[in-house]
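Observations on the model geometry
Okay, here's what each chain looks like letter by letter:
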Amino acid sequence: MSNEELLDIDLPEPSLRNVVEQDSLQWVFVGGKGGVGKTTTSCCVGIQMAMRREKVLIISTDPAHNLSDAFSQKFNKEPSLVNGFTNLYCMEIDANDDMDQLQREIEGVTGGDDEGGVSTLVAELTSNIPGIDEAMSFSELMKQVQEMDYDCVVFDTAPTGHTLRLLSFPTILENALGKVMQLKDKFGGILNQAGAMFAGMRGGAASGQQMTDALLGKLEETRGVINKVNTAFRDKDKTTFVCVCIPEFLSIYETERLVQELSKFGIDSHNIVINQVLFPEKDADELGEWFEATKASLPKEAQDICGKMMARKRMQDKYIGQCFDLYGDGFNVTLMPLLDYEVRGVEKLKGFSQNLVDPIDLEE
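Treat the numbers as computed from the prediction; the structure is a model and nothing was measured.

Turning our attention to the overall build of the protein. Across its full length, the protein holds 13 helices and eight strands. Buried positions account for 51% of the 364 residues belonging to the protein. Restricting the contact set of the protein to residue pairs at least 6 apart, pairs at least 24 apart contribute 79%. For the protein, the computed accessible surface area is about 16,900 Å², with 50% contributed by carbon and sulfur atoms.

The next thing to look at is the packing of helix H3 (residues 38-50) against helix H13 (residues 346-357). Pairs of packed helices are described in terms of their axes, by the angle between the two and the distance that separates them. For the pair H3 and H13, interaxial distance at closest approach is 8 Å and the crossing angle is 85°. Here H13 runs roughly perpendicular to H3, going by the angle between their axes. For the pair formed by H3 and H13, the contact residues are Thr40, Thr41, Cys43, Cys44, Val45, Ile47 and Gln48 on the first element and Leu349, Lys350, Phe352, Ser353, Gln354, Leu356 and Val357 on the second. The residue makeup of the contact of H3 with H13, split by class, is eight nonpolar, five polar and one charged.

Our focus in this paragraph is the pairing of strand E7 (residues 271-277). Burial of E7 is extensive: six of the seven residues sit out of reach of the surface. In this sheet, E7 lies alongside strand E6 (residues 239-245) in parallel orientation, the contact comprising four bridges. Note that in E7 the partner of Val244 across the bridge is Val273. Where E7 and strand E8 (residues 332-337) come together, five bridges link them in parallel fashion. Looking across to E8, one finds that Asn271 is bridged to Asn332.

Right, let's talk about the confidence of the model for the protein for a bit. Per-residue confidence for the protein gives a mean pLDDT of 80, with 70% of residues at or over 70. Within the model, the stretch residues 113-118 combines pLDDT values under 50 with 20 contacts to residues more than four positions away or in other chains.

Conventions adopted
Residues numbered from 1 in each chain as written. Predicted model: local features only at pLDDT ≥ 70, side-chain atom pairs only at ≥ 80, totals over all residues. Heavy atoms only, no water. Helix = DSSP H or I, 4+ residues; strand = E, 2+ residues; numbered from the N terminus. Buried < 20%, exposed > 50% of the residue type's maximum accessible area, 1.4 Å probe, protein only. Contact = heavy atoms within 4.5 Å. Areas by Shrake-Rupley, 256 points an atom, 1.4 Å probe, with all protein chains shown as cover. Axes fitted to C-alpha atoms, helices over the stretch in contact; angles between N-to-C directions. Parallel < 35°, antiparallel > 145°, perpendicular 65-115°, else oblique. Nonpolar A, V, L, I, M, F, W, Y, C, P; charged D, E, K, R; others polar. Pairing = 2+ DSSP bridges. pLDDT = per-residue confidence, 0-100.

Below you can see the structure in the form of C-alpha cells.
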C-alpha cells in the first residue's frame, strides 16, 4: 500500500497524541516482540507524559532491564529521578526480592525465630500453584506503586509471552486463591498441623496456626490488591496497552497475537508503534523511480547498497500496508523512523519522542 493509497483512507491520526493527552490514564503498558524497541518507546512515552503530567514513573518488568542503558543512568528497585527532569522517575524491579520480602513479613508475624518453617511453607505454596510467586511479586509491586503519588505509570514490559503471563496474573491468582481459601475452610486442621510440622522440623517456636494464618492472611491481602488492579486494567479510561513492532513478518504476526490476547483480557489497545521504518515519508515506488533513473551513474558497489536498501524498503512497505489493513480503522498506527545513530541518553530520547506526537507527514 503506497502513501497515496494511505492518504485516501480516513484513518485515525498516526501518532500517540491520543494517549499522551488522555488525562484519565493511570497505567500505560508498552510491549511487543523482543528486539523491536519497546524500551526506547517506553522512555519516549514517559518523556511525553512528563511534559503534561506532574509526576510520571517508568517501571521495567523485564528481567533483562534496559532503562539504565537507555537513559545512560543506573536505576534500581527504588524510584530514581531521571537526570534532566524534575518529574520523571524510573525503577527496575526484581521478582525474587519481592518473594524474599513476603517471607520476611511472615517471619515477623510468627516471631522471626522459625524461618526454616516459613521458607518451607512458602516453597511448598509456590511449587504447588504455578506462577503464584510471580503473581504475588506483581501484587507487591502494584501495592507499592499505588501508595506512591504518581499521575501516570508507564510499564516497560518483557517480550510478548512474559507480558501476557503478567497480564493474566489477576485472573490466575484470583482462581488460585479461591481454591486455597476453600481448602482452608475444608482442611484447616490439616494445614495447621502441616505448618506446625514445618516449624518443628527447624525448632521453631511459632505454632502451625500462626504460620498458616500469616501466610493465608498475606494471600488474602494479595487477592484484594489484585482484584483492585484487575478492575483498573479493564477500565479503558485508566489503562491502555501500546503495541510495538517492526515492519517484518514475525513481528507483525506477534503483534496480531498480542492484540487478540489483550482483547480476551478486556484490556484496551488501540495504538501500534512501528519502529525502524526506512524513510517513512516516502514509499518504495517513489524511491524505485529515483533509483532506476540514477542507477547507471552509480558505481557498482553503490548500486548493490542501494539495491539492498530498496529490497528492504519494499518489504517494509508491504508489512506496513498489511498493518494498516488489519488495524487502520480502529488503531492509531505510528511510524517511527530508522535513524543513523543510537537513541541513548536524555537529549536524544527527548528529540526522538517528538515523533510519537508529531506524525510523519506522508504528503511531503
